[in-house]
Amino acid sequence: MKFDYVIVGAGPAGCIMAERLSTEKKARVLIIEKRDHIGGNLYDYYNDEGILIHKYGPHFFFFFKSEVWEYLNKFTTWHYYEHKVMANVKGQLVPFPINLDTYNTLYNTNLNQVEFEKKLTEFKFTDEPKNAEEAIINQVGQYLYETFFLQYTLKQWGKHPRELHADTVKRVPVRIDRENRYQLAKYQGLPKKGYTHMMKNMISNPLISVMLNTDYKTVISDLSYKKLIYTGPLDYFYDYRFGKLEYRSLRFEEQTHNQDEYQAHAVINYPNNYDFTRITEYKKMTGQMSPKTTIHIEFPEAYTENINDPYYPILDKINTELKEKYSQLAAQEKDVIFLGRLAEYRYYAMDDVVEAALHAYSKMGSSK
Ligand code: FAD
Ligand code: UDP
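Residues numbered from 1 in each chain as written. Chains lettered and ligands numbered in written order. Predicted model: local features only at pLDDT ≥ 70, side-chain atom pairs only at ≥ 80, totals over all residues. Heavy atoms only, no water.

Caption draft 1: Fine view of the packing of aromatic side chains. Evaluation of the coordinates by the stated rule reveals 40 aromatic pairs. Considering the side-chain rings of W69 and Y187, the 4.9 Å spacing of their centres and the 25° angle between planes classify their relative orientation as stacked. Remark: Y187 occurs in strand β9 (residues 187-191) and W69 occurs in helix α2 (residues 66-72); sequence separation between them is 118 residues. By the burial criterion, W69 is buried, and Y187 matches it. Measuring from ring centre to ring centre gives 5.5 Å for W157 and Y347, while their planes differ by 85°; the resulting arrangement is edge-to-face. Placement of the pair is W157 in helix α5 (residues 132-157) and Y347 in the loop between β17 (336-338) and α10 (350-363), with a sequence separation of 190 residues. Members of the aromatic cluster, joined through ring pairs, are Y216, Y230, Y236, F237, Y238, Y240, F242, Y326 and F338. (Phe/Tyr/Trp six-rings, centres within 6.5 Å; stacked < 30°, edge-to-face > 60°. Helix = DSSP H or I, 4+ residues; strand = E, 2+ residues; numbered from the N terminus. Buried < 20%, exposed > 50% of the residue type's maximum accessible area, 1.4 Å probe, protein only.)

Right, dumping it as structure tokens:
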């Protein structure tokens, strides 16, 4: 069969492109997906205990741009949910990101907002932090850096914050007030019937075909198409010609407990103790009612091809330089669009990916 477009990867980047191309250009699209399901890392499903879980770790949506929100509203309604995280510091639960309450609790003080803001300015020593360590110390000082960031980042990335780009921590704010939502975006929530359901709706157009359980390299030479939209790993596309880009992976230990509640909050971070970084209780995000509850305990680990999944691009010097070499090749491709977290080797959150896909589509012009 002939296709106008072949899309590699059925994550949000791939599905949005498929939807746009089939709806607007009436193009015939084939999505090739390596895994046995669509949805990419947003994939959620009901486990054997009937609890809706996110297979690849907790995902909550936050959007600053109404353009992104309006686009997704075509495919889902929303469960009202504002993400809040607590951190376990020496057995005590404190709000994270750091806010006035976090500071007062740990320092055993009673600062008000003005005093706290003044305190924070004392920590500032640069306008241009050179790495993630400087970015954090610059905001909250050495003690809070060591309490919340140093060990967590070592666990999460297998690298010292000094080796990582300041952007690694840029999504984590510091609040001078008592605000304890993880993000302040105007639009936040979870798709009411889950991410997989939302993305199924997105690619329901009969012009879209989906081939699961298939690495695109095993079939691509037999296909007839005009353009390729690639959302898989950038280095894999080029057969690792310049060497392998590093990714960080994760292992999720799933436990279901025969009790209504496991912990008092949806997500609790463990910045210092234990090998894991956080525990998520899904019901507390999705609002599902059940006498049982399922949790994920999240263990970061090294990525090895064909053993586990490449989740996080690593923003250090070596990988940034290597990515640049691959990006130069990619920029010369006339009939391939590289899009998404893996193909652009960027630490994208979902709002970034939706925006990048809508932007990539609008850049394509009107021809089919
Ligand atoms: P992906 O979702 O990774 O999709 C790429 C797809 O390509 C995958 O399905 C993959 O199997 C497929 N593929 C790869 N290689 C091939 C191949 N050779 N052949 C065929 N198919 C291939 N963002 C938020 O905004 N909020 C959150 O709370 C949040 N939490 C996260 C938690 C975790 C643990 C992780 C890892 C990420 C989180 N993110 C979150 C980020 C979010 O997952 C990404 O922004 C999003 O998945 C990127 O979409 P994508 O389409 O670029 O890539
Ligand atoms: N981070 C940390 N301690 C925490 C939470 C985050 O050190 O309790 C650092 C860590 O390096 C992490 C980065 O901040 O990778 C970004 O955090 P975010 O919650 O945005 O991570 P993600 O959503 O990508 O897992």
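On we go.
Caption draft 2: Focus on the site of ligand 2. Contacts to ligand 2 come from 15 residues, most closely from F148, T153, W157, Y182 and Y347. Between ligand 2 and the protein, one listed contact pairs an oxygen atom with a side-chain N or O atom of N269 at 2.9 Å. Y347 places a side-chain nitrogen or oxygen 2.4 Å from an oxygen atom of ligand 2. When ligand 2 sits alone it has 530 Å² of accessible area, and the protein chains cover 92% of it. With six residues, α5 is the largest single contributor of residues to the shell around ligand 2. (Near = heavy atom within 4 Å. Polar contact = N/O pair within 3.5 Å; in protein donor to acceptor, adjacent residues only side chain to side chain. Areas by Shrake-Rupley, 256 points an atom, 1.4 Å probe, with all protein chains shown as cover.)

Caption draft 3: Focus on the site of ligand 1. Every one of the 35 residues lining ligand 1 counts as a neighbour, but E33, H59, R341, Y348 and M350 are closest to it. E33 places a polar side-chain atom, nitrogen or oxygen, 2.6 Å from an oxygen atom of ligand 1. Note that an oxygen atom of ligand 1 is positioned 2.7 Å from one of the backbone N or O atoms of M350. Within the complex, the protein chains bury 95% of what would otherwise be the 1,000 Å² of accessible surface of ligand 1. Secondary structure elements with two or more residues in the shell around ligand 1: α1 (12-24) and α10. Classifying every residue of the shell around ligand 1 by side-chain character gives 20 nonpolar, nine polar and six charged. (Nonpolar A, V, L, I, M, F, W, Y, C, P; charged D, E, K, R; others polar.)

Caption draft 4: Seen up close, the nonpolar core. If you look at the biggest cluster of nonpolar residues, it comprises 117 residues, and the most contacted ones within it are L72 and F148. The element best represented in this core is α5, accounting for 11 residues. Apart from the residues within four sequence positions on either side, L72 is in contact with F61, F63, W78, M198, M202 and V354. Residues I268, Y270, F276 and I297 belong to the second largest nonpolar core, which totals seven residues. (Core = buried A, V, L, I, M, F, W, Y, C linked by side-chain atoms within 4.5 Å. Contact = heavy atoms within 4.5 Å.)

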